[in-house]
Amino acid sequence: MSVLVYHNPQCSKSRCALDFLKEMNQSFEVIEYMKNPITVEELTMLIQCLGISPVDLLRKNEQVYKDHYKGKLLSDNEWIAAMIEFPKLIERPIVVMNGKAVIARPTERINELF
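Residues numbered from 1 in each chain as written. Predicted model: local features only at pLDDT ≥ 70, side-chain atom pairs only at ≥ 80, totals over all residues. Heavy atoms only, no water.

A.B. asks: Any chance you could break down the sheet that holds strand 3 (residues 94-97) for me, citing the residues and the numbers?
C.D. replies: As summarised here, the arrangement of the four strands in space is 2-1-3-4, forming an open sheet in which the pairing is mixed. Each edge of the open sheet is held by one strand with a lone partner, namely strand 2 (29-32) and strand 4 (100-103). Neighbouring strand axes in the sheet, compared pairwise and without regard to direction, differ in orientation by 20° on average. Relative to strand 3, strand 1 (residues 3-7) is paired through four bridges, and the arrangement is antiparallel. Counterpart to Leu 4 in the pairing with strand 3 is Val 96. Its contacts with the sheet place helix 1 (residues 12-23) against strand 1 and strand 2, and it is angled at close to 160° to strand 1. Against the sheet, helix 2 (residues 40-50) engages strand 1, strand 2, strand 3 and strand 4, with an angle of about 85° to strand 4. (Pairing = 2+ DSSP bridges. Helix = DSSP H or I, 4+ residues; strand = E, 2+ residues; numbered from the N terminus. Axes fitted to C-alpha atoms, helices over the stretch in contact; angles between N-to-C directions. Contact = heavy atoms within 4.5 Å.)

A.B. asks: An account of helix 4 (residues 76-85) is requested, with residue identities and associated values reported.
C.D. replies: Regarding helix 4, the residues found buried are Trp 79, Ile 80, Ala 82 and Met 83. Viewed along the axis of helix 4, the buried residues span an arc of 155°, placing them on a single side of the element. For helix 4, exposure combined with an orientation more than 90 degrees from the buried face picks out Asn 77 and Glu 85. Elements that come into contact with the buried residues of helix 4 comprise helix 2 and helix 3 (63-68). (Buried < 20%, exposed > 50% of the residue type's maximum accessible area, 1.4 Å probe, protein only. Arc of directions from axis to C-beta.)

A.B. asks: Quick one: what's the story with helix 1, residue by residue and with numbers?
C.D. replies: Here helix 1 spans 16 Å end to end across 12 residues, near enough to the 16 Å set by a 1.5 Å rise per residue. Of all the positions in helix 1, only Ser 14, Ala 17, Leu 18, Phe 20 and Leu 21 are classed as buried. Down the axis of helix 1, the buried set is contained in an arc of 160°. They therefore lie on one face. Turned more than 90 degrees from where helix 1 packs its buried face, Lys 22 and Glu 23 sit exposed. Tucked into the core, helix 1 has its buried residues touching strand 1 and strand 2. Two residues or fewer after helix 1 comes Asn 25, characterised by a positive phi angle close to 55°. (Expected span 1.5 Å × (residues − 1).)

Laid out in structure tokens, this is it:
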């Protein structure tokens, strides 16, 4: 069972997800998407695994959202492009296993993958 965690070390919820997996003795791979930007294809795959639309993955309290996107109606591809340009807009942490994914808010949502 391969577990991927899309992680931002600056985020306390993201750090909690890593701790939660460690407590479960679950091995996992960390992807720091702020350091190593994800591709359009990768983000599209994550959205499909989450079973949501791109707009549902946005962090709407981020200043960049408020400054550039608040109140705008964009297509799915345009929202994906915005998240690629400004990865801070991507909700986190995202935990992926066996083709399924959850946004681990709250952290216990990780249990849905097991």
